[in-house]
Every structure is written in C-alpha cells, then in structure tokens.
Amino acid sequence: MLKKLIAYDFKKTSPAMLAIITLLFIPEIIGLITHAIMEKLYYANSVEVDANTIQVNSDNLPDLYYSLSNMSFVFFLILSAIATIAAIYMIKYYHKTLYSNQGYLSFTLPSSITEVVSSKMIVIFAWAVIYVISATTIFFIGETIITRLYDPVFEPITLSAVAELLEELFPLLFLLFLGLFSQLMALFFCMSIGHLCKKHKTGITALSYTGIAIASLIIIYYNTAVCVAKRGTWWWDLRDLWCPANLIFLFILLVGCYFATIKIMNKKLNLE
C-alpha cells in the first residue's frame, strides 16, 4: 500500500513541482550567460604576471561589467524566491493532506497512519533531491566551464576536470541532503507537536522548530570548531562541516524526529 500512496502523492505534486523546476532553469541559464560575459570582460584586461598569477586593471572595466554585476544579485534573489516557493508548496501539501479537512480522507484509506505519513515524507524528500540536484548540477558545471574558458590561470575545460568537480560535489551534496532532510523531519515533528494542542498550533509549531533549529546550529558549529582544532586525529580526520560528529548528529536528528512524529500521529490526531 505504501507504494500506491507514494505514486498517488507524486501524481498530485508533479504538475506544480515540475513547473517550479522548469522555472528554475530560466534564471540559472540567464545568470550563467551573464556571468560568462562578465568573466570575458574582466579577463580581457588581464596581464599574466607568472604561471599562476594574473593582474587585472579594474579601472579599465566597462560600465557593462558593473551593470551585469548588479543583475547577478537580482538573479540570486529570483533563485532564492523560487526555492522558497517550492518549500512552501510542499510543506503546505503535507499540512493540507494530513492536518486539514483533507486529512480525514487520507486517514480513511485502507492503510496505516504510518504508511500515510511516511508517503508524504518520502515524496517531499524525493522532490527536494530532484530540486537540489537540478539547481546545483547546472550551476557548478556551468561555473566550471566559464572559469576554464576565461580565466588564464586555468587549463582549458576537459572531461576529466568535470569529473573531478563531480567527485568533489558528491560529498557536499550528501551533507546538504542529510542536513535538509533532518531539518524537514524536525519541522514535521514540530507540526505534530503543534497539532496536539487545540489552540495556537502555528505558534507552538514555529516556537518548537525555532528551538530545534537554534540547537542544531549550535551543535554543528561546535562540532565543526572541534573538527578544525583536532584535524588529523582518527576521529576528526575529515574537514570542516564534513566530519563524523556532524553526520552522526544529523542522522540521529532525522531518525529521532521521524519515529517521534509517527508515534504522535498514531497516538493522537487533532485535525483542523
């Protein structure tokens, strides 16, 4: 039954999410083209000092360069807005199908509450993966190509250079997804806590999630600081955010909030 529920949730969310992801490509491509023009203008006035150093006379940069620089900030705001729209849509879908009037229909299906709730979570996580991969892959590959084309210090773009970039990107994506999933799960957990109350559900949800988010940042900051201080030992051998302590913490937060949410949903439902 879980597979059928996942298929249904994908079907319901696909039109909106595919439209949002398609919309994402437009400012990303325009932004990369804009950055390519900026890089070409910037390095057109460069002088190679030695094999690994160049000098650029910024006084000779044309006005077009600064105009495009301002446009780059606008593209960043647009991408942030699209990501916010995607997040709001999926969270609203989760809330609507579990806690609103539609929740009554969801829980009348011949399946357990655990399956119904897990289906929503899996679909949201899947769309998060699709969205992040769509956004980051185009950006990082595009930036690598632009840098290799116009920066005199770098060698011309090759397939091996792209492969090296992807190898560096995979660990960062894994950490990003783990952090994203754990925070989404914490939000779902806080929503379930909020709906244990008859009043002030939104306020309690926001307050509890704020507490978890602040605590998470403090723990991650502490782990990262210790990682830098003790780099080279058996436990802290990996660099910066990508260290065992952060990975273990995020995994515990993810699993703990999942089981806590499922338990609350099975014990008591307070639908709107």
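Above: the structure in question.
To start, this report covers the structure provided alongside it.

Definitions and limits used
- Residues numbered from 1 in each chain as written.
- Predicted model: local features only at pLDDT ≥ 70, side-chain atom pairs only at ≥ 80, totals over all residues.
- Heavy atoms only, no water.
- Helix = DSSP H or I, 4+ residues; strand = E, 2+ residues; numbered from the N terminus.
- Buried < 20%, exposed > 50% of the residue type's maximum accessible area, 1.4 Å probe, protein only.
- Contact = heavy atoms within 4.5 Å.
- Areas by Shrake-Rupley, 256 points an atom, 1.4 Å probe, with all protein chains shown as cover.
- Axes fitted to C-alpha atoms, helices over the stretch in contact; angles between N-to-C directions.
- Parallel < 35°, antiparallel > 145°, perpendicular 65-115°, else oblique.
- Left-handed = near helix turned anticlockwise from the far one by under 90°.
- Patch = residues over 30% accessible without salt bridge, like charges linked within 9 Å, V, L, I, M, F, W, Y side chains within 5 Å.
- Salt bridge = Lys/Arg side-chain N within 4 Å of Asp/Glu carboxyl O.
- Lys, Arg positive; Asp, Glu negative; His and termini not counted.
- Charge placed at Lys NZ, Arg CZ, Asp CG, Glu CD.
- Expected span 1.5 Å × (residues − 1).

## Here's the deal with the overall build of the chain
Each helix and strand in the chain was counted, giving seven helices and two strands. Walking the chain from its N terminus toward its C terminus, one meets helices and strands in the order α-β-β-α-α-α-α-α-α. Buried positions account for 40% of the 272 residues belonging to the chain. For the chain, the proportion of contacts with a sequence separation of at least 24, taken over those separated by at least 6, is 72%. Only carbon and sulfur atoms are counted for the fraction: they give 70% of the accessible area of the chain, which is about 15700 Å².

## Description of the packing of helix H1 (residues 2-43) against helix H2 (residues 63-99)
The N-to-C vectors of H1 and H2 enclose an angle of 165°; their axes lie 9 Å apart at closest approach. With respect to H2, the element H1 is oriented roughly antiparallel. When you trace H1 past H2, the crossing you get is left-handed.

## Topic: a positive patch on the surface
A cluster of basic side chains, namely Lys11, Lys12, Lys92 and Lys96, defines a positive patch on the protein surface. Listing elements by their share of the positive patch, those giving two or more residues are H1 and H2. With respect to the secondary-structure elements, lysine 92 resides in helix H2. Classification of lysine 92 as exposed rests on a relative accessible area of 58%.

## Details of a nonpolar patch on the surface
Together, Ile29, Ile33, Ile37 and Leu64 give the surface a local cluster of nonpolar side chains, amounting to about 350 Å² of exposed area. The leading source of residues in the nonpolar patch is H1, at three residues. For isoleucine 33, the position within the fold is in helix H1.

## Examining H2
An α-helical segment advances 3.6 residues per turn. Residues three or four places apart therefore align on the same side. The end-to-end C-alpha distance of H2, which contains 37 residues, comes to 54 Å, matching closely the 54 Å that a straight helix rising 1.5 Å per residue would cover. Within the span of H2, buried status applies to Tyr65, Leu68, Phe75, Ile82, Ala86, Met90, Tyr93, Tyr94, Thr97, Leu98 and Tyr99.

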